[in-house]
Amino acid sequence: MVKPAIEYDVKDLKLAEEGVKRIEWAAREMPVIRLIRERFGREKPLKGLRLAACLHVTTETANLVLALKAGGAEVALCASNPLSTQDDVAAALVAVHDIPVFCIRGEDDPTYYKHIHAVLDQKPQITLDDGADLVATLHKDRRELLPGVIGGTEETTTGVVRLKAMAKAGALVYPIIAVNEADTKHQFDNRYGTGQSTVDGIIRATNILWAGKNVVVAGYGWCGKGFAMRAKGLGAKVIVTEVQPLRALEAAMDGHQVMPMAEAAPLGDIFCTLTGDINVLDRHHFETMKDGAILANSGHFNVEINIKGLGEMSESKRRVRENVEEYRLMDGRRIFLLGEGRLINLAAAEGHPASVMDMSFANQALCVEYLASRDVPLPVDVHVVPPEIDEEVARLKLASMGTTIDELTEEQRKYLSSWEEGT
Ligand SMILES: NC(=O)c1ccc[n+]([C@@H]2O[C@H](COP(=O)([O-])OP(=O)(O)OC[C@H]3O[C@@H](n4cnc5c(N)ncnc54)[C@H](O)[C@@H]3O)[C@@H](O)[C@H]2O)c1
C-alpha cells in the first residue's frame, strides 16, 4: 500500500479494506446523511473550511466526515474516548479518503491528548466535539488558535454540561451549538440508540440472560429511559435510582421500582449507570452487592463507578473474558466490571445503530453549515440547534422511511393561532 501523503496515527492501514465495507454497511441506514452529502457535493457550502472533529471514530462518524468533506471542508479527526475507536474505520478514512485521523483503540491518556493536539495543529475554524475534551484543551493549552475559531458543535449531554459551566464562568471564547439539545438528537439517539446499544454491549461482554434478572438503572434521563425500556422488554425486573423527583416519578409511572442506590445495591444482578455524574456506584454500594454482581457504565466518562475504590476493596483482580474484569473482594464476593467502566455500548459493542446516528449527525452537518454561512458570528454562548434544522432533519428522516403525515388545513391553522373561539 502506498503511504498516504497526509499526517495520521492509526493502528494499521491494512485494516482499511474491512473498514470500507463496514462504512458502506452503515451508510445503508443513513439516508439523511446521504442526502446532505449529495447536496454538499453540489453546493460546496464548506469550501476550504478547516474542521477539527473529536468524535467516537465509528462507521457512522466516517459517514459524517465524508459528508463534510464532500461539502469542501478539510476535516481532521481524533477520538472522543480511548476505547471507542474502530481501528478499521480509522484506517479506511486515512488510506482511502485521505482524512488525517489520529486515534488507536485502547490508547493511553497521554496518547489520547497527543492526538487531540494533532487535530488542533490543523488550526481549525470550526470544532466538532463529543464530551468537550477538544474544546477544553483548546481553551486551556492552545489559546493561540482561539482567534481563528468561528464556532463549534457539541454532541453529548456531558459536553453540554461542561460547556455551560465554561460559559457561566466566562471562560468560553467562541459560540457552540449544542447538537444534543435538538429533539431529533436526544429523543432518538440517547433513548433508542443508547438504550439498545447499551443492552447490546452488556450482552456481548457477558452473554448473560436478562429474563428474571434485577437490572438497576442509575439515572432516568433520555439514555436511562431507553435502557430501562429495552431491559424490561427482555424480561428483566427494572429498578431505577434517581436524584430528580420528576424523573423518579416518571420511572415509577412507567412501571419500574424506584429506590435509593443503597437499597438497590443488595438486590441488583446487573447495574448500569447513565447519569453523567461521579461515583454513582461507590464503596458503600459494593459492600452490600451480591456475589457475581455485574457493573457497567454508559454515561460519557468512566467516573460513574468508583473503580479506584473497588480496586482498593479487592484482594485480587483478573480479566475473565474480553471486557470483563473480576474483582474479588476481601470477603470472597466477586464483582464483575465491564469495559473498564467506559461507555459499554462503545467498549463492548459498536455504539449506536447507524439509523439514529443518521439524525444526530445530520444535525451536526447542518449546524456546521449554519455556522459557516453566517455573515455575523453567533454571540459567544452555548446555543440550541435552530428549530428549522431540527424540523428539517425530522422531515428528511420521515421521507426516507416512506412515512407521510397530515398537514394543517387553513381552518386548523387559524384555529390554533386564535384565542376567540371556546366552547
Ligand atoms: N453511551 C452513549 O453512547 C451515550 C449517548 C448519549 C449520551 N451519553 C451520556 O450518558 C449520560 C446521560 O445522558 P442523558 O442524555 O440521559 O442525560 P440526562 O441529563 O437526560 O439524564 C441524566 C439523569 O441522571 C440523573 N442523575 C444524576 N446524578 C444521579 C445520581 N447520583 N443518581 C441517580 N441519578 C442521577 C439526573 O437526575 C438525570 O435525570 C451523559 O453522560 C451523556 O453524555 C452516552
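Coordinates for the structure precede this section.
Residues numbered from 1 in each chain as written. Predicted model: local features only at pLDDT ≥ 70, side-chain atom pairs only at ≥ 80, totals over all residues. Heavy atoms only, no water.

Chemist: Help me understand the overall build of the protein in this model?
Modeler: Scanning the protein from terminus to terminus reveals 17 helices and 15 strands. Scaling as 2.2 N^0.38, a compact globule of 423 residues should have a C-alpha radius of gyration of about 22 Å, and the protein matches this with 22 Å. For the protein, the spread of C-alpha atoms along the three principal axes comes to 75 × 65 × 45 Å. Looking at the protein as a whole, 54% of its 423 residues are labelled buried. Sequence separation of at least 24 residues holds for 71% of the intrachain contacts in the protein that already meet a minimum separation of 6. Counting every atom, the protein has about 19,200 Å² of accessible surface; 52% of that belongs to carbon and sulfur. Where the 48 positive side-chain charges of the protein centre and where its 61 negative ones centre are 3 Å apart. (Helix = DSSP H or I, 4+ residues; strand = E, 2+ residues; numbered from the N terminus. Rg over C-alpha atoms; globule rule 2.2 N^0.38 Å. Buried < 20%, exposed > 50% of the residue type's maximum accessible area, 1.4 Å probe, protein only. Contact = heavy atoms within 4.5 Å. Areas by Shrake-Rupley, 256 points an atom, 1.4 Å probe, with all protein chains shown as cover. Lys, Arg positive; Asp, Glu negative; His and termini not counted. Charge placed at Lys NZ, Arg CZ, Asp CG, Glu CD.)

Chemist: Explain the sheet that holds strand β1 (residues 50-54) here, please?
Modeler: Two orientations exist for strands paired in a sheet by backbone hydrogen bonds: parallel and antiparallel. Overall, parallel pairing links the seven strands, which are arranged β3-β2-β1-β4-β5-β6-β15 in an open sheet. Edge positions in the open sheet fall to β3 (101-102) and β15 (382-384), since each of these has one partner strand only. Where β1 and strand β2 (residues 74-78) come together, five bridges link them in parallel fashion. Across the sheet, the residue bridging to Ala-52 is Ala-76, located in β2. Relative to the sheet, helix α5 (residues 109-120) contacts β1, β2 and β3, its axis offset from that of β2 by approximately 175 degrees. (Pairing = 2+ DSSP bridges. Axes fitted to C-alpha atoms, helices over the stretch in contact; angles between N-to-C directions.)

Chemist: Explain the side chain of His-300 here, please?
Modeler: Summarising the element assignment, His-300 is placed in the loop between β11 (293-297) and α13 (307-312). Excluding residues that lie within four positions of it along the chain, His-300 makes contacts with His-56, Ser-80, Asn-81, Asp-130, Gly-131, Thr-156, Thr-158 and Leu-343.

Chemist: Sorry, what's going on with the site of the ligand here?
Modeler: The full set close to the ligand counts 25 residues, and Thr-156, Thr-157, Thr-158, Asn-190 and Glu-242 are the nearest of them. One of the side-chain N or O atoms of Glu-242 is found 2.5 Å from an oxygen atom in the ligand. When the free accessible area of the ligand is taken as 860 Å², the share hidden by the protein chains comes to 88%. Those elements that place two or more of their residues in the shell around the ligand are α7 (157-168), α8 (183-206) and α9 (222-233). In terms of residue class, the shell around the ligand is built from six nonpolar, 16 polar and three charged. (Near = heavy atom within 4 Å. Polar contact = N/O pair within 3.5 Å; in protein donor to acceptor, adjacent residues only side chain to side chain. Nonpolar A, V, L, I, M, F, W, Y, C, P; charged D, E, K, R; others polar.)

Chemist: Just checking my understanding: could you explain helix α16 (residues 387-400) for this structure?
Modeler: Working note: α-helix, 3.6 residues per turn, so residues spaced by three or four point in the same direction. Its 14 residues place the ends of α16 20 Å apart at the C-alpha level, agreeing with the 20 Å of an ideal helix rising 1.5 Å per residue. When we look at burial in α16, the residues that qualify are Ile-389, Asp-390, Val-393, Leu-396 and Lys-397. Projected down its long axis, α16 shows its buried positions confined to an angular sector of 135 degrees, all on one face. Facing away from the buried side of α16 by over 90 degrees, the exposed positions are Pro-387, Glu-388, Glu-391 and Ala-399. Structurally, α16 contributes buried residues whose contacts are with α2 (31-43), α8 and α15 (354-373). Phi turns positive one or two residues past the end of α16, at Gly-402, with a value near 75 degrees. (Expected span 1.5 Å × (residues − 1). Arc of directions from axis to C-beta.)

Chemist: Quick question: what am I supposed to make of the environment of Lys-44 here?
Modeler: Among the structural elements, Lys-44 can be located in the loop between α2 and β1. Owing to a relative accessible area of 37%, Lys-44 belongs among the partly exposed residues under this scheme. Those residues in contact with Lys-44 that sit more than four places away from it in its chain are Arg-39, Ala-70, Gly-71 and Gly-72.

Chemist: Hey, could you run me through the pairing of β11 in this one?
Modeler: Put simply, side chains in a regular strand alternate between the two faces of the sheet. Among the five residues of β11, five are classified as buried, and the element is accordingly described as predominantly covered. Neither face of β11 is left uncovered, since the one carrying Ala-293, Leu-295 and Asn-297 and the one carrying Ile-294 and Ala-296 both have all their residues buried. Of the pairings in the sheet, the one linking strand β10 (residues 270-273) to β11 comprises four bridges and is parallel in character. Looking across to β11, one finds that Phe-271 is bridged to Leu-295. In the sheet, β11 pairs with strand β14 (residues 334-338) via three bridges, with the strands oriented parallel.

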